[in-house]
Amino acid sequence: MRSRPICALLVLLALFPLRPFAALADVSFQDACGHTLSLASTPSRVVSLYGSFAEAWLLAGGELVGVTQDALTERGLSLGEQVQIVGTVKEPNLEAVIALDPDFVVLSADIASHAPAAELLRQMGIPCALFRVDTFDDYLEMFAVFCELTGREDCYAQYGEAVAAQIDAVRAAVQDMPARRVLLLRAYSSGVKAKRADNLAGAILQDLGCDNIADRNEHLLEELSLEAIVSEDPEFIFVTVMGSDEDAALAFLDERFGADPAWQGLTAVREGRLLLLPKELFHYKPNARWGESYAYLAEILFPECL
């Protein structure tokens, strides 16, 4: 359903009656948009409108009654026949969501259509929360809420604390190493942009002590200047791909820079350190695999340490 808040609310109110929130609250928390939510008991009819968060809810020992299509196409989750597909991550079908009679709906604060969707759900008395996960700390905070809701401390220990220990071990191994000069790029089928530490891969690079030239060169974010890249001469260039057509995105990058002698003369290109990062670890939220994401980059950047 496309986001037309007022009209959509009137239609949904006509189709589905309002219901009150539970009066007794056992778990209270604030979501990424500042909304405070209180739930009285373990939610049993949960709908996730983002595949990554659906996976995290399952890792926390929860059950699902509805997910968006990306839970299957991107996360590859094995879901029973009783779990309904309620549209796509960008265009969730709110009528289908409400028809499932959910007692908790999980949304993403980074997806434009989810904020108005959450507002409609709140208006109808359906508990919902928006989360934002760009760093491991973000994941751990969200996962702690999920495990508190499910009452599964064992899941938090296995998929939260144990992963934190993995990351701490990687950090400790490389903490005395000199900073590596890097450039992080995100390629599309029709463009390429420099990325800083406000995304998953960039945050990990920063946490590992790297000097991402995009973090201190604002103009690189506005216009990807080959001259500016050459002047910095990064030791490593990491590429993440946005969209389903990875080949087209890489072809665009090659068409934009590949034939230019200045690009070919970059240390990272010349020495074979222009590297494509796997989507499952650096584009999709890695959830229980955050430790793998850290180790993957650390082994490239500091092979002598690991």
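What counts, and at which threshold
Residues numbered from 1 in each chain as written. Predicted model: local features only at pLDDT ≥ 70, side-chain atom pairs only at ≥ 80, totals over all residues. Heavy atoms only, no water. Pairing = 2+ DSSP bridges. Helix = DSSP H or I, 4+ residues; strand = E, 2+ residues; numbered from the N terminus. Buried < 20%, exposed > 50% of the residue type's maximum accessible area, 1.4 Å probe, protein only. Polar contact = N/O pair within 3.5 Å; in protein donor to acceptor, adjacent residues only side chain to side chain. Expected span 1.5 Å × (residues − 1). Contact = heavy atoms within 4.5 Å.

**Some words on the pairing of strand β9 (residues 191-194)**
Right, so step 1: Note that strand β8 (residues 181-188) and β9 share four bridges and pair antiparallel. Within the sheet, the bridge partner assigned to Y188 lies in β9 and is G191.
Right, so step 2: If you look at the hairpin formed by β8 and β9, you'll find two residues sitting between the two strands.

**A look at the sheet that holds strand β7 (residues 128-131)**
Right, so step 1: The parallel open sheet is built from five strands, whose spatial order is β5-β4-β3-β6-β7. Each edge of the open sheet carries a strand with a single partner, namely β5 (84-85) and β7.
Right, so step 2: Where strand β3 (residues 46-48) lies against strand β4 (residues 64-67), three bridges are found, and the strand directions are parallel. Opposite V47, over in β4, you have G66 as the bridge partner.

**As for the side chain of T68**
Right, so step 1: Turning to its location among the elements, T68 is positioned in the loop between β4 and α3 (70-73).
Right, so step 2: Residue T68 is classed as buried on the basis of its relative accessible area, which comes to 0%.
Right, so step 3: Looking at T68, its side chain comes within polar contact range of the main-chain oxygen of L49, at 3.4 Å.

**Description of helix α7 (residues 153-174)**
Right, so step 1: If you check α7, its first and last C-alpha atoms are 31 Å apart, about what 22 residues at 1.5 Å a residue would give, namely 32 Å.
Right, so step 2: Every buried residue of α7 is listed here: C155, G160, V163, A164, I167, V170 and V174.
Right, so step 3: Its buried side turned inward, α7 meets α2 (51-59), α6 (136-150) and α15 (290-301).

**Quick word on the side chain of N287**
Right, so step 1: Of note, N287 is situated in the loop between α14 (279-282) and α15.
Right, so step 2: When its relative accessible area of 1% is taken as the criterion, N287 is described as buried.
Right, so step 3: A polar atom in the side chain of N287 sits 3.0 Å from the backbone oxygen of S52.
Right, so step 4: Leaving out residues up to four positions away in the same chain, N287 has contacts with S52, E55, A56, L59, R75 and Y139.

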